[in-house]
Amino acid sequence: DVSLFQGDIDWKRVKADGVEFAMIKASQGKTADYGEPFTDPKFHQNRMGAGQAGLYWGTYHYLCAGSVIEARREAEYYVNLVKPYYNEMKLWAAVDVEDSGYMGNLTKAQVTEIVRTFCDIVKAAGLRPMVYANSYWLNSKFDSPAGIPIWEANLSITERPDRAKIWQRSFTGRVNGIAGDVDMNLGIDVIGDANGDGKVSIADASLALKKAAGWKNLKIDEGQADVNDDGYVTSADASAILKKIAGWKDK
């Protein structure tokens, strides 16, 4: 995952070094000196470079909201920034929840509501929401919204956590094409795999149909079940999963 701190990146060299995907910082809520949401200065350069090099890429917003009102403003800024690249951005639209300076004194319930509000706005825009945080924040500072994939930072373990679609495993990686240290991640994204077992089967089509029919309390990965990328799981997605199982070539 990258931001302005990685400088100018040679994305073709990154791809040649075996990297398959990137999460690119798109925006941030504010800074100590600037009180408005803003775009990462390297966002457009990085999204174009990663795409042209053939990497899958998603984006993230660094959350600084101290209230639901601020969360809504940050989410709307982020959505307006990344939505034009919907067809290029094949991975998630993540919210980075880690800033103790802005959220450290809030209650667990307050942080939970802020994160949920942000994700709801991202999902309503037709993007694939995701929540980034380290294990401590995920376990104690807020409850991640149900059904939203998790990007978890933990340097003290040796395998991807079961609950995480992306595991951030190092802050000091080295990759050809990037000067200095860069965060390294292991991710999994199997389109059509509604039940998250790592493969696409009839069980996934059945689960998607149940979701479309309004069944409650389903354990479903909505991002992977939403095959047509419209932001919702419908009978059209179940049909697409069945076609995938049958070996149809079109999406």
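Structure report, in brief. Residue indices begin from 1 for each chain and proceed along its sequence in written order. Only residues with pLDDT of at least 70 are given local features in this predicted model, and only at 80 or more are side-chain atom pairs given and counted; all residues enter the totals for whole chains, interfaces and linings. Excluded from the side-chain calculations are hydrogens and water; all other atoms, namely the structure's heavy atoms, are used.

This next bit is on the overall build of the protein. When helices and strands are counted, the protein shows 9 helices and 8 strands. For the radius of gyration, the atom set is restricted to C-alpha positions; the globular benchmark scales as 2.2 Å times the number of residues to the power 0.38. Computed over its C-alpha atoms, the radius of gyration of the protein comes to 18 Å, within 12% of the 18 Å expected for a compact globule of 251 residues. Projected onto its principal axes, the C-alpha coordinates of the protein cover approximately 55 × 45 × 35 Å. When the 251 residues of the protein are sorted by exposure, 48% land in the buried category. What makes two residues a contact is simply this: any of their non-hydrogen atoms within 4.5 Å. Counting only contacts in the protein whose residues sit at least 6 apart along the sequence, the fraction spanning at least 24 positions is 62%. Helix and strand assignments come from DSSP, with helices taken as H or I runs of at least 4 residues and strands as E runs of at least 2, each series counted from the N terminus. Exposure categories follow from relative accessible area, calculated using a 1.4 Å probe and restricted to protein chains: below 20% of the type maximum is buried, above 50% is exposed, and the middle band is partly exposed.

Pairing is mixed in the open sheet, where 8 strands are placed in the order S2-S1-S3-S4-S5-S6-S7-S8. Of all strands in the sheet, those with a lone pairing partner are strand S2 (38-39) and strand S8 (182-187), marking the two edges. Pairing between strand S3 (residues 56-62) and strand S4 (residues 93-96): 4 bridges, direction parallel. Along S4, the bridge assignment pairs tyrosine 60 with alanine 94. Throughout, an axis means a line fitted to C-alpha atoms (over the contacting stretch in the case of helices), and angles, computed between N-to-C directions, take values from 0 to 180 degrees. Relative to the sheet, helix H5 (residues 108-124) contacts S3, S4 and strand S5 (129-134), its axis offset from that of S5 by approximately 150°. What makes two strands pair is DSSP finding at least two bridges between them.

The aromatic pairing rule takes the rings of Phe, Tyr and Trp, using the six-membered ring of Trp, and pairs them if the centres are within 6.5 Å, calling planes under 30 degrees apart stacked, those over 60 edge-to-face and the rest tilted. Evaluated as defined, the whole model comprises 5 aromatic pairs. Between phenylalanine 43 and tyrosine 85 the ring centres are 6.2 Å apart and the planes differ by 70°, which places this aromatic pair in the edge-to-face class. Of the two residues, phenylalanine 43 sits in helix H2 (residues 43-53) while tyrosine 85 sits in the loop between helix H3 (68-82) and S4, which places them 42 residues apart along the sequence. Here tyrosine 85 falls in the buried class, since its relative accessible area comes to 16%. Ring geometry for tyrosine 132 versus tryptophan 151: centroids 4.8 Å apart, planes at 70°, classification edge-to-face. You can see tyrosine 132 sitting in strand S5 and its partner tryptophan 151 sitting in strand S6 (residues 150-153), a full 19 residues away along the chain. An identical accessibility class is assigned to tyrosine 132 and tryptophan 151; each is buried. Cation over ring: lysine 141 sits above tryptophan 137, and NZ or CZ is 5.4 Å from the ring centre. Over a ring means this: the NZ of a Lys or the CZ of an Arg is within 6 Å of the ring centre and within 35 degrees of the ring normal.

Before going further, it helps to spend a moment on the pattern of salt bridges. Put simply, a salt bridge is a Lys or Arg side-chain nitrogen that is within 4 Å of an Asp or Glu carboxyl oxygen. According to the stated counting rule, one finds 13 salt bridges in the structure shown. Close ionic contact of glutamate 36 with arginine 73 constitutes a salt bridge, the shortest N to O distance being 3.4 Å. You can see glutamate 36 sitting in the loop between strand S1 (21-28) and S2 and its partner arginine 73 sitting in helix H3, a full 37 residues away along the chain. The salt bridge involving lysine 211 is made with glutamate 222; its shortest N-O contact spans 3.3 Å. Taken together, the positions of lysine 211 in helix H7 (residues 202-212) and glutamate 222 in helix H8 (residues 222-225) put the pair 11 residues apart, joining distant regions of the chain. Its relative accessible area of 16% is what places glutamate 222 among the buried residues. Within this structure, Glu113, Arg116 and Asp120 form a network of salt bridges that share partners.

Attention now moves to the environment of leucine 218. Position of leucine 218 relative to the elements: it lies in the loop between H7 and H8. If we ignore the near neighbours within four places in the chain, the residues touching leucine 218 are Leu207, Lys210 and Lys211.

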